[in-house]
Amino acid sequence: MVDDRTIPAASQTVNDFDGGPRGPKPQRAFSRKNVFLYGTLLMVTIYYAIPLYVMIVTSLKGLPEIRLGNIFAPPVEITFEPWVKAWAEACTGLNCNGLSGYFWNSVKITIPSVILSIIIASVNGYALANWRFKGANLFFAILIFGAFIPYQVMLYPIVIMLRELGLYGDLSGLVIVHTIFGMPILTLLFRNYFASLPEELFKAARVDGAGFWGIYFRVLLPMSLPIFTVAVILQVTGIWNDFLFGVVYTGPESYPMTVALNNIVNTTQGVTEYNVNMAATIITALVPLTIYFVSGKLFVRGIAAGAVKG
Amino acid sequence: MESSITIRDLELSFGAVEVLKNLNLDIGQGEFLVLLGSSGCGKSTLLNCIAGLLDVTDGQIFIQGRNVTWEEPSDRGIGMVFQSYALYPQMTVEGNLSFGLKNAGFSKSEIAERIDRAAKVLQIEPLLKRKPGALSGGQRQRVAIGRALVRDVDVFLFDEPLSNLDAKLRTDLRAEIKELHKRLRNTMIYVTHDQIEAMTLADRIAIMRDGKILQLASPKEIYNRPASKYVAEFIGSPSMNFFDGKIGENGQSFACDAGTFSLNGYQFGEGGAQDGTAWLGIRPEHIAVGTEAKTMPIQLEASVQHVEPLGSDTLVRVLIGDRRLWVRIDGQSEVADGDALNIGFDPAMANIFDKTSETRL
Ligand SMILES: Nc1ncnc2c1ncn2[C@@H]1O[C@H](COP(=O)(O)OP(=O)(O)OP(=O)(O)O)[C@@H](O)[C@H]1O
Ligand SMILES: [Mg+2]
């Protein structure tokens, strides 16, 4: 083949040094794209923020003010009375001690469930991702299948199982239930994360003489802050917000906060105290909210730290 | 030579896929063996079997005379260096180097001493307090080598350690690894795709294909007398030129469409001369041109089709009839597309392969 590339003449390229565009391309602030983008964002924000606004505002009003009917109006006279009542005096069916006791119930359910489920699931995921033991695929398939079984199907069998174990109506029974039900999704989460870490790292650690736990604790765990943060967010909000398991597997004394909230809101005696209901709801939602704010920051930092190439 | 690693009848399958097939290999004490082969031929798999990172399906592995087939990687007396460095990102360089020693239960003073020694050898002393993220690629790979070095292992296993580095660094580190081998005299097994690495580093090269070793020999032997057409094509760039034709007159001549060549001077292998269809291969650098070609036993007339100047040499693609040949000539010679060119070669430099079995005759 003959070389037929032609070399451009110099005069063609040395034309206009002046006049042509130069430097960064100018951005228009009100381009159609921007208007659309920020418009949508603003609408979504308002959609989510308005109910929260109404709740906060209502919870700070007295009942007479609420009866005026304008739910958007800010409180004329700010009162924390409803908050105190929701925490300490509101009636939940039989007793009238507010949410306080149930708050601690929820704490006692959530903390052990979260810790237990994350510990077990992370080790599961690690074993599945890195130590392809015999039957690992079958085990994983069963676990994933478990994630698709509707909870309702299992509600009653678990009642019987817990009763046989003598844990029915007890907080520890609920902890076990939460741990088990968190397992499929958490294991999947951890398995995928560990599988995404470079395999050679694991091999290097084996050559260096680290065993099953040595690799888990000293090599993988320090690299896994992001995924643990995700797991904590998932579990804390999921378990704290749980209503169904709480109402089924615990008794009136050990109800979690969500069940108590429901009882407060649904009390049919006397006038409906909207302000107390709103305050009780916000108090109940406070824990997941805090988790989002605190760990959200940690989460971003964790991701950033993990992104350092290495 | 006493052998350092012996592999007997090694087989490895992933499910139904047989990756290594009945593989036997003896590696001498202090030998530098390079495993070379195209992607997916099982080089890493073999290395992982030797390291104990994969359970073999069948066969035995001996290291320093000990049967290690069932031993843990850390008990085999091997150190491994990976393509992606595989440094523990949250540990400092010092932590990376000491990790294996701590696992093995060495005392603090012993660990410090060994790290000191390795850091001196690899010139990474100023980096000890840094994390891997703050190192360049070359520095990281030095640390990875150090991790094997501190453990005082009998055998170093390298899996494409230089592939992630740029060309200049690659050349430097290649020389350093060679230096290190001269100094330590450990047995080293080195996996690579890169022929130049293979040729420069190896005492012996094992060419692999589809889980088998096709040829195990010194770089020179592999270059000069490749055992099969596959090996011949694999080694050398551009690869060997082939004429397909027929051996006749009891191995005295080779007839093909470019003419009939006398094979006077060609050294047949152990099987001796056999008549029949065959390939005759000649490397681009063994073809002479111009006046030099006139002195060669085999002479041909060609025309230049395409010229690729590389600086030190020039690659020329020539046509003989419609057969294309690559020729490597001196970088200073002036040839242009379409020129007529006399070429010639000596059958002593050629290799002849049987047409059906593709083995060297
Ligand atoms: N875990 C696995 N499961 C199934 N097949 C595998 C597995 N690991 C490797 N293989 C297959 O085994 C063969 C050999 O792989 P190996 O990694 O040893 O090749 P290689 O020679 O090192 O290639 P490369 O030069 O690309 O690194 C490939 O065909 C690959 O697809
Ligand atoms: Mg490989």
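Residues numbered from 1 in each chain as written. Chains lettered and ligands numbered in written order. Predicted model: local features only at pLDDT ≥ 70, side-chain atom pairs only at ≥ 80, totals over all residues. Heavy atoms only, no water.

- As annotated in an unreviewed UniProt entry, chain A carries the name Carbohydrate ABC transporter permease and comes from Thalassococcus lentus.
- Of the comments in the UniProt record for chain A, the one headed Sequence similarities (unreviewed entry) reads "Belongs to the binding-protein-dependent transport system permease family." (UniProt positions renumbered as here; feature names shortened; annotations may be inferred.)

Thoughts on the site of ligand 1
All names here are of chain B.
So, step 1. The local shell around ligand 1 consists of Phe 14, Val 19, Ser 39, Gly 40, Cys 41, Gly 42, Lys 43, Ser 44, Thr 45, Glu 160 and His 193.
So, step 2. In the model, an oxygen atom of ligand 1 is placed 2.5 Å from a nitrogen or oxygen of the Ser 39 side chain.
So, step 3. Contacts to ligand 1 include Ser 44, whose side-chain N or O atom sits 2.6 Å from an oxygen atom.
So, step 4. Contact with the protein chains covers 58% of the free accessible surface of ligand 1, which is 630 Å².
So, step 5. Classifying every residue of the shell around ligand 1 by side-chain character gives three nonpolar, six polar and two charged. (Near = heavy atom within 4 Å. Polar contact = N/O pair within 3.5 Å; in protein donor to acceptor, adjacent residues only side chain to side chain. Areas by Shrake-Rupley, 256 points an atom, 1.4 Å probe, with all protein chains shown as cover. Nonpolar A, V, L, I, M, F, W, Y, C, P; charged D, E, K, R; others polar.)

Comments concerning the domain arrangement of chain B
Residues and elements named next belong to chain B.
So, step 1. As assigned here, chain B comprises domain 1 (3-233) and domain 2 (239-354).
So, step 2. Domain 1 and domain 2 are separated by 38 Å when their C-alpha centres are compared.
So, step 3. Contact residues are listed per partner, giving 10 residues for domain 1 and 12 residues for domain 2.
So, step 4. With both chains or domains summed, domain 1 and domain 2 bury close to 890 Å², and 52% of this area falls on carbon and sulfur atoms.
So, step 5. When the area that domain 1 buries against domain 2 is broken down by residue, the three leading residues are Tyr 223, Arg 225 and Lys 229, summing to 57%.
So, step 6. Our count for the domain 1 to domain 2 interface comes out at zero salt bridges.
So, step 7. Scanning the region where domain 1 abuts domain 2 turns up four residue pairs in polar contact (both at pLDDT 80 or more). (Domains from an automatic or database assignment. Contact = heavy atoms within 4.5 Å. Buried area = accessible area lost by both parts, 1.4 Å probe. Salt bridge = Lys/Arg side-chain N within 4 Å of Asp/Glu carboxyl O.)

Section: a nonpolar patch on the surface
So, step 1. Residues Leu 42, Ile 46, Ile 50, Tyr 53, Ile 71 and Phe 72 of chain A make up a contiguous nonpolar surface patch of about 570 Å² in total accessible area.
So, step 2. Relative to the assigned elements, Ile 50 of chain A resides in helix 2 (residues 32-59). (Patch = residues over 30% accessible without salt bridge, like charges linked within 9 Å, V, L, I, M, F, W, Y side chains within 5 Å. Helix = DSSP H or I, 4+ residues; strand = E, 2+ residues; numbered from the N terminus.)

Examining the UniProt feature "transmembrane region" (unreviewed entry) in chain A
Residues and elements named next belong to chain A.
So, step 1. On the UniProt side, "transmembrane region" (unreviewed entry) is annotated at positions that read residues 35-56, 109-129, 136-159, 171-194, 215-240 and 276-294 here.
So, step 2. This span, residues 136-159, is 92% helix and 0% strand, and a straight line between its end C-alpha atoms measures 30 Å.
So, step 3. Between the C-alpha atoms that bound residues 215-240 there is a distance of 32 Å. The span itself is 85% helix and 0% strand.

Thoughts on empty space enclosed by the protein
So, step 1. In this structure the tally under the stated criterion is three cavities of 30 Å³ or more.
So, step 2. As a volume, the largest cavity reaches approximately 60 Å³.
So, step 3. Lining the largest cavity we find Ala 204, Val 207 and Asp 208 of chain A together with Gly 79, Met 80, Phe 82, Tyr 88, Ala 144, Arg 147, Ala 148 and Arg 151 of chain B.
So, step 4. Those elements that provide at least two residues to the lining of the largest cavity are helix 9 (199-207) of chain A together with strand 6 (78-81) and helix 4 (137-150) of chain B.
So, step 5. The element best represented in the lining of the largest cavity is helix 4 of chain B, accounting for three residues.
So, step 6. For the lining of the largest cavity, the class distribution of residues is seven nonpolar, one polar and three charged.
So, step 7. Here the second largest cavity defines a volume of roughly 40 Å³.
So, step 8. As for the second largest cavity, its lining consists of Ser 106, Ile 109, Leu 174, His 178, Ile 239, Trp 240, Asp 242, Gly 246 and Pro 256 of chain A. (1 Å grid on protein atoms, 1.4 Å probe; cavity = no way out; pocket = protein on both sides within 12 Å on 5 of 7 lines; lining within 4 Å. Points joined across faces, edges and corners; volume = space filled by probe spheres on them.)

A few points about the packing of helix 7 (residues 151-165) of chain A against helix 8 (residues 171-196) of chain A
Residue and element names in this part refer to chain A.
So, step 1. Relative to each other, helix 7 and helix 8 sit at 140 degrees, their axes nearing to 12 Å. Judged by the angle between their axes, helix 7 and helix 8 are oblique. In the packing of helix 7 onto helix 8, the handedness of the crossing is right-handed. Across from Tyr 151, Met 154, Ile 158 and Leu 162 in helix 7, the residues of helix 8 making contact are Gly 173, Val 177 and Phe 181.
So, step 2. Here the contact of helix 7 with helix 8 is built from residues that sort into six nonpolar, one polar and no charged. (Axes fitted to C-alpha atoms, helices over the stretch in contact; angles between N-to-C directions. Parallel < 35°, antiparallel > 145°, perpendicular 65-115°, else oblique. Left-handed = near helix turned anticlockwise from the far one by under 90°.)

What to know about the interface of chain A and chain B
So, step 1. Contacts between chain A and chain B engage 20 residues on the former and 29 residues on the latter.
So, step 2. Surface buried jointly by chain A and chain B totals about 2100 Å² across both partners, of which 55% is contributed by carbon and sulfur atoms.
So, step 3. Where chain A packs against chain B, one counts one salt bridge.
So, step 4. Across the pair Glu 72 of chain B and Arg 206 of chain A runs a salt bridge, and its minimum N-O distance is 3.5 Å.
So, step 5. For the pair chain A and chain B, the interface holds 10 residue pairs in polar contact (both at pLDDT 80 or more).
So, step 6. Within the residue set of the side of chain A that touches chain B, elements represented by two or more residues are helix 9 and helix 10 (212-220) of chain A.

Here we look at the nonpolar core
So, step 1. Among the nonpolar cores identified, the biggest contains 73 residues, and Phe 194 and Tyr 249 of chain A together with Ile 7, Leu 20, Leu 46, Leu 157 and Ile 189 of chain B are the most heavily contacted of them.
So, step 2. With nine residues, helix 8 of chain A is the largest single contributor of residues to this core.
So, step 3. Setting aside residues no more than four positions away along its own chain, Leu 20 of chain B makes contact with Leu 10, Glu 11, Leu 12, Gly 42, Thr 45, Leu 46, Cys 49, Met 208 and Gly 211 of chain B.
So, step 4. Counting residues in hydrophobic clusters, the runner-up holds 46 residues, among them Phe 32, Leu 128, Leu 135 and Val 231 of chain B. (Core = buried A, V, L, I, M, F, W, Y, C linked by side-chain atoms within 4.5 Å. Buried < 20%, exposed > 50% of the residue type's maximum accessible area, 1.4 Å probe, protein only.)

Brief notes about the environment of Gly 296 of chain A
So, step 1. Along the chain, Gly 296 of chain A turns up in helix 14 (residues 274-306).
So, step 2. Note: C-alpha distance between Gly 296 of chain A and Thr 45 of chain A (251 residues apart in sequence) is 18 Å.

Section: the sheet that holds strand 15 (residues 288-289) of chain B
All names here are of chain B.
So, step 1. An order of 15-19-16-17-18 is seen for the five strands of this open sheet, with the pairing classed as antiparallel. Two strands bound the open sheet, and with one partner strand each, they are strand 15 and strand 18 (323-330).
So, step 2. Sheet topology note: the strand 15/strand 19 (residues 340-345) ladder contains two bridges and is antiparallel. Of the residues in strand 19, the one forming a bridge with Val 289 is Ile 343. (Pairing = 2+ DSSP bridges.)

Some thoughts on the state of the cysteines
All names here are of chain B.
So, step 1. The final tally for this structure, using the stated rule, is zero disulfides over all chains.
So, step 2. Residue Cys 49 stays outside any disulfide, its sulfur separated by 13 Å from that of Cys 41, the closest cysteine.
So, step 3. Residue class for Cys 49 comes out buried when judged on its relative accessible area of 1%. (Disulfide = S-S within 2.5 Å.)

Side note on the sheet that holds strand 3 (residues 32-37) of chain B
Working definition: the strands of a sheet are paired by backbone hydrogen bonds and lie parallel or antiparallel to each other.
Residue and element names in this part refer to chain B.
So, step 1. The strand order across the open sheet formed by six strands is 6-7-8-3-9-10, and the pairing between neighbours is mixed. Unpaired on one side and paired on the other, strand 6 and strand 10 (212-217) mark the two borders of the sheet. Ignoring which end each strand starts from, the neighbouring axes of this sheet average 20 degrees apart.
So, step 2. Summarising the sheet, strand 3 and strand 9 (residues 204-209) pair through five bridges and their orientation is parallel. When the sheet's bridge partners are listed, Val 34 is paired in strand 9 with Ile 205.
So, step 3. Of the strands in this sheet, strand 3, strand 6, strand 7 (155-159), strand 8 (187-192) and strand 9 touch helix 1 (residues 43-51), which is tilted by about 150 degrees from strand 7.

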